Amino acid sequence: MEHLQKTAIAGIGFHVPDRIVKNSDLEQWMDTSDEWIIERSGIKERRWIANEGGASSLAIQAAKNAMEDAKVTPDEIDLVICATITSDYFFPGISAQVQEALGLGLVGAFDIKAACSAFVYALSVGDQFIKSGQSKNILVIGAEVQSTALDISTRGRNVSVLFGDGAGAAILKRSLDDSEILSTHLHSEGRFLKELWLEAPASKYKSRITKKMLDEGRQYPIMNGREVFRNAVRRFPQVIHEAMDANHLTIDDITQIIPHQANLRISQSVAKRMGVSMDKVFSNIHKYGNTTAASIPIALTEARNEGKFKRGDHIILAAFGAGFRWASAAIKW
Ligand code: ACO
């Protein structure tokens, strides 16, 4: 494809709630243990909001940090894309709140609901807007508050121990040097919809949610952990190879893979299948758990801040999650 422009990531940032919930804290609400959670997921603690508000409040702070990093001012942002499945309200999405709170112009603002893959989806959409010349400075955010949707009784323990709250953001700009989003690849396979989903409130039902549905716990996320695991360890390597092949890169050319932080055992399995050590596969899941659409921009920012990659290095973002959907982005930083 002939590109009119190239897209660079000009700045990144993240924000997580102050409240730390350790595995031992979960033991007071459900029958679980620190050992079980660490062994099965690598998670030691996660952040859950206390009184900060919904996903928009985390998104706004992450956006401020990314804008400061990129040295862009509110009047320069000309598009907002928010990746989230946990918007403050059923509608509208949080991008409208972000536009207002940051004092942006009357610019386009929309949400993308693609679960764990949504930040890479949002990056891909933003990349097309920059390449076409339609936008100059795009704010892309991944933000989630999962904690208020979890069943923290023993009934929901296979899901609720895994998830955390947080937000991460990036500023996309026209590249003026050789830093560039080289490619993005997006996939979905809807037949697995009910292997990881949250059913209600549902427009499919006239009353959307009933007392009976609440009693049955149909307002909580449901996951078939084994099916998620089986598909994730196959799709992550596939979509990483797709990113490398499209850019004639080998794994030796890649400085760091930043995967969606689903589960440490998934990342370890991906590293093994890719033939690399965990040094090349960034992980911070022990601190934050799985923050869905926020996990990649949080991980990207921490990896950059820890010096895991630098200007000119090739990195790959890779995601897998509900839908099922999976995606990758190859980036020359
Ligand atoms: N604490 C203690 N025991 C638990 C817990 C818990 N939090 N959750 C489940 N158990 C119990 C189960 O009840 C079961 O008990 P039983 O044998 O008496 O019936 C036992 O542990 C084993 O349960 P399984 O579900 O079979 O456990 P499994 O070994 O499959 O591990 C896990 C579960 C960790 C969820 C695993 O399937 C997994 O890693 N899946 C990937 C899912 C994932 O990472 N999802 C993230 C979201 S999706 C994404 O981001 C890609």
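The present account deals with the structure reproduced in this document.

This next bit is on the overall build of the protein. A count of helices and strands for the protein gives 11 helices and 13 strands. In terms of overall dimensions, the protein is globule-like: its C-alpha atoms have a radius of gyration of 19 Å, near the 20 Å expected for 333 residues. Principal-axis analysis of the C-alpha atoms gives the protein an extent of 55 × 50 × 35 Å. Across the 333 residues that make up the protein, the buried fraction comes to 55%.

So, on to the pairing of strand E5 (residues 108-112). As paired elements, strand E4 (residues 79-83) and E5 share 5 bridges and run parallel to each other. If you follow Ala83 over to E5, its bridge partner there is Ile112. In this fold, the crossover linking E4 to E5 by way of helix H4 (residues 94-101) has right-handed handedness.

Before going further, it helps to spend a moment on the site of the ligand. Lining the immediate environment of the ligand, one finds 24 residues, of which Thr32, Arg40, Arg226, His260 and Asn263 sit closest. At 2.9 Å, a side-chain N or O of Arg157 approaches an oxygen atom of the ligand. For the ligand, an oxygen atom lies 2.8 Å from a polar atom in the side chain of His260. For the ligand, the protein covers 75% of the area, taking 1000 Å² as the surface of the free molecule. If you list the elements that add at least two residues to the shell around the ligand, you get helix H2 (34-41), helix H6 (157-160), helix H8 (225-246), helix H9 (264-274) and strand E12 (314-321). At 4 residues, the largest contribution of residues to the shell around the ligand is made by H8. Residues of the shell around the ligand, tallied by class, amount to 12 nonpolar, 7 polar and 5 charged. Taken together, domain 1 (7-178) and domain 2 (181-332) each give at least three residues to the shell around the ligand, which thus spans both.

Let us look at the sheet that holds strand E11 (residues 254-259). Spatially, 4 strands are ordered E8-E13-E12-E11 in an open sheet, and the strand pairing comes out mixed. Looking along the sheet, the strands with just one partner apiece sit at the ends: strand E8 (180-188) and E11. Strand after strand, the sheet turns through a mean of 15° between neighbouring axes, direction not considered. Pairing of E11 with E12 involves 5 bridges; the strand directions are parallel. Residue pairing for E12: Gln256 is matched across the bridge by Ile315. On the sheet, helix H5 (residues 118-132) packs against E8, E12 and strand E13 (325-332) and is oriented at approximately 130° with respect to E8. Each of E8, E11, E12 and E13 is contacted by H8, which is oriented at about 150° to E12, the strand it contacts most.

Turning to the environment of Gly312, a few remarks are in order. Mapped onto the fold, Gly312 is located in the loop between helix H11 (295-305) and E12. For Gly312, the residues in contact, after removing those within four places along its chain, are Lys332 and Trp333.

The rules behind each value
Residues numbered from 1 in each chain as written. Predicted model: local features only at pLDDT ≥ 70, side-chain atom pairs only at ≥ 80, totals over all residues. Heavy atoms only, no water. Helix = DSSP H or I, 4+ residues; strand = E, 2+ residues; numbered from the N terminus. Rg over C-alpha atoms; globule rule 2.2 N^0.38 Å. Buried < 20%, exposed > 50% of the residue type's maximum accessible area, 1.4 Å probe, protein only. Pairing = 2+ DSSP bridges. Right-handed = clockwise from strand over helix to strand, strands pointing away. Near = heavy atom within 4 Å. Polar contact = N/O pair within 3.5 Å; in protein donor to acceptor, adjacent residues only side chain to side chain. Areas by Shrake-Rupley, 256 points an atom, 1.4 Å probe, with all protein chains shown as cover. Nonpolar A, V, L, I, M, F, W, Y, C, P; charged D, E, K, R; others polar. Domains from an automatic or database assignment. Axes fitted to C-alpha atoms, helices over the stretch in contact; angles between N-to-C directions. Contact = heavy atoms within 4.5 Å.

Read these as layout, nothing more, since geometry by itself doesn't imply function.
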